[in-house]
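# Understanding the architecture of this molecule
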Amino acid sequence: MEDILPNKTGDRNGLIRYQILADDGHPLRLYSRSPTTTDRSSSAMNNSQKKRSILLLHGRTWSSQPVFDLRTSNNDDKQQSTLQSLAELGFDAYALDLRGFGETPRDEGGYTTPNRCVEDVRCAIDWIARRHDENYDNYGDSDGSSNETLTAAESSIAMSTKPALLGWSQGALVAQMYAQKHGPSTLSDLVLFGTIYDPRVIYPRKPLFDESGRLISGGKDAVKPPAPEVVNTVAASLEDFTLPGTICDEAALEFSSVALAVDTVKAAWDELHEFNVCNPALVHVPTLVIVGAQDPYVQWDAQRELFERLGHDDKSMCVLPACDHAAHILKARKMFIRSVVGFLLRKDGF
């Protein structure tokens, strides 16, 4: 099937794009990177180990390209791209644009909702698991060198290789919801990075009716008002960088440039009360909680409670010193990568 999704940033020195179809037929954009060398001697996984796959989820405002594929040089010699860094270490890493973000368009309703995000993640996880199953040989180029389109039914999950799932910021809430609903049967590991989980925050439900008595929320027959289209700004694209000296001007400006190219208009989040189901005790997947020591968006008592109440005893917590919310693209990004990879390979060594 032809890839109908937009390409907003061109080749970007070999960024690999995939189109998959959600269970309702909506097209979703996935990205990956190939390693620059086939030499496995520098890989975190030796030849006796099966390659691992992982799906990355962005946060509330910015999509996957600026968040997980920042690069200020064609060959990423500064190792700024999370996708590239994981690929170089032998991982099959993918990043998903949720609806209304990046190269995944809004659906007909125009809104991005937590429950819909969870089901779209399920389709992506299914596709990745199918793609990297040892028996995968029926759908396109197995080396990932071309765009591919599969329906969710075609890519039904094959569990010989369970992907890991990493969510950042509000994307970590989506990842937690996914793990609670689908995790044990579909995931190897969960990484909650800079999560804004806080049990004291209760997202209010919207009114069911508008002033005229029309149903606008709470059912299939609800007619929502048109989704707002709010233009993103340069100032907004730089607001996650709060610690002087932790990111160079070149990298911050490149983040802003790519972010505004792919996310010209803010995604319209709705039905945030769906996040209220987040309950660490319902997460029965090995989990890493990782956070910057000076992240202004997290509450430390909430981070501790999250970790302590996780429903799986295989868990770890990592605090990255001198880092704020976007630790994975700051000067300490290698520490972030080592922490994530170390957890994912904790039983194998590397």
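Residues numbered from 1 in each chain as written. Predicted model: local features only at pLDDT ≥ 70, side-chain atom pairs only at ≥ 80, totals over all residues. Heavy atoms only, no water.

## Re the overall build of the protein chain
Secondary structure summary: the protein chain contains eight helices and eight strands in total. Counting all 350 residues of the protein chain, 55% fall into the buried class. Accessible area for the protein chain stands at about 14,900 Å²; split by element, carbon and sulfur atoms hold 51% of it. (Helix = DSSP H or I, 4+ residues; strand = E, 2+ residues; numbered from the N terminus. Buried < 20%, exposed > 50% of the residue type's maximum accessible area, 1.4 Å probe, protein only. Areas by Shrake-Rupley, 256 points an atom, 1.4 Å probe, with all protein chains shown as cover.)

## What to know about the pattern of salt bridges
One pass over the structure, following the stated rule, counts 27 salt bridges. E119 is paired through a salt bridge with K181; the nearest N and O atoms lie 3.0 Å apart. Residue E119 is found in helix α3 (residues 114-131), and its partner K181 is found in helix α4 (residues 170-186); the two are separated by 62 residues along the sequence. Within this structure, D23, D24, R99, D107, R116 and D120 form a network of salt bridges that share partners. (Salt bridge = Lys/Arg side-chain N within 4 Å of Asp/Glu carboxyl O.)

## Structural notes on the packing of aromatic side chains
For the structure on display, the rule yields 10 aromatic pairs. Relative to F275, the ring of W269 has its centre 6.2 Å away and its plane inclined at 40°; by these criteria the two rings are tilted. Here the two residues W269 and F275 agree in accessibility, since each one is buried. Put simply, the rings of F101, Y203, W269 and F275 pair up and form one aromatic cluster. Sitting above the plane of the Y111 ring, K224 keeps its charged end 5.1 Å from the centroid. (Phe/Tyr/Trp six-rings, centres within 6.5 Å; stacked < 30°, edge-to-face > 60°. Lys NZ or Arg CZ within 6 Å of the ring centre and 35° of its normal.)

## A word on the environment of T195
One can find T195 in the loop between β6 (190-193) and α5 (234-237). What makes T195 buried here is its relative accessible area of 1%. Separated by 25 residues in sequence, T195 and Q170 place their C-alpha atoms 6.3 Å apart. The contact partners of T195, leaving out residues within four places of it in the chain, are S169, A172, L173, V298, Q303 and L306. (Contact = heavy atoms within 4.5 Å.)

## Side note on the confidence of the model for the protein chain
One rule of thumb: low pLDDT means the predicted coordinates there are not for detailed reading. Of all residues in the protein chain, 88% have pLDDT values of 70 or greater, and the mean over the chain is 89. When the criterion is pLDDT under 50, residues 150-159 qualifies, and its contacts beyond four places in sequence or with other chains add up to 26 contacts. (pLDDT = per-residue confidence, 0-100.)

## Considering helix α7 (residues 300-309)
Each α-helix turn comprises 3.6 residues. Residues three or four places apart therefore point the same way. For α7, the full list of buried residues reads A302, Q303 and L306. Angular distribution of buried residues about the axis of α7 spans 105°; they occupy a single face of the element. For α7, the elements touching its buried residues are α4, β6, β7 (287-292) and β8 (315-320). (Arc of directions from axis to C-beta.)

## Concerning the environment of V298
Within the secondary structure, V298 is located in the loop between β7 and α7. Put simply, V298 and I196 are 102 residues apart on the chain and 5.5 Å apart in space, counted from C-alpha to C-alpha. V298 has contacts with G194, T195, V291 and Q303, leaving out every residue within four places of it along the chain.

## Brief notes about empty space enclosed by the protein
Enumeration over the complete set of coordinates arrives at one cavity of 30 Å³ or more. Empty space within the largest cavity amounts to approximately 30 Å³. Lining the largest cavity, in full, are I54, L56, T82, L86, L166, F336, I337 and V340. Put simply, the parts of the chain that give the lining of the largest cavity at least two residues each are β3 (53-57), α2 (82-88) and α8 (333-344). (1 Å grid on protein atoms, 1.4 Å probe; cavity = no way out; pocket = protein on both sides within 12 Å on 5 of 7 lines; lining within 4 Å. Points joined across faces, edges and corners; volume = space filled by probe spheres on them.)

## With respect to the sheet that holds β6
The pairing of strands in a sheet comes from backbone hydrogen bonds and takes either a parallel or an antiparallel form. Reading across the sheet, the eight strands line up as β1-β2-β4-β3-β5-β6-β7-β8 and stay open at both edges, with mixed pairing between neighbours. Each edge of the open sheet is held by one strand with a lone partner, namely β1 (16-21) and β8. Adjacent strand axes in the sheet meet at a mean angle of 20° when their direction is disregarded. Of the pairings in the sheet, the one linking β6 to β7 comprises four bridges and is parallel in character. When the sheet's bridge partners are listed, V191 is paired in β7 with L288. Across the face of the sheet, α7 comes into contact with β6, β7 and β8 while running at roughly 155° to β8. (Pairing = 2+ DSSP bridges. Axes fitted to C-alpha atoms, helices over the stretch in contact; angles between N-to-C directions.)

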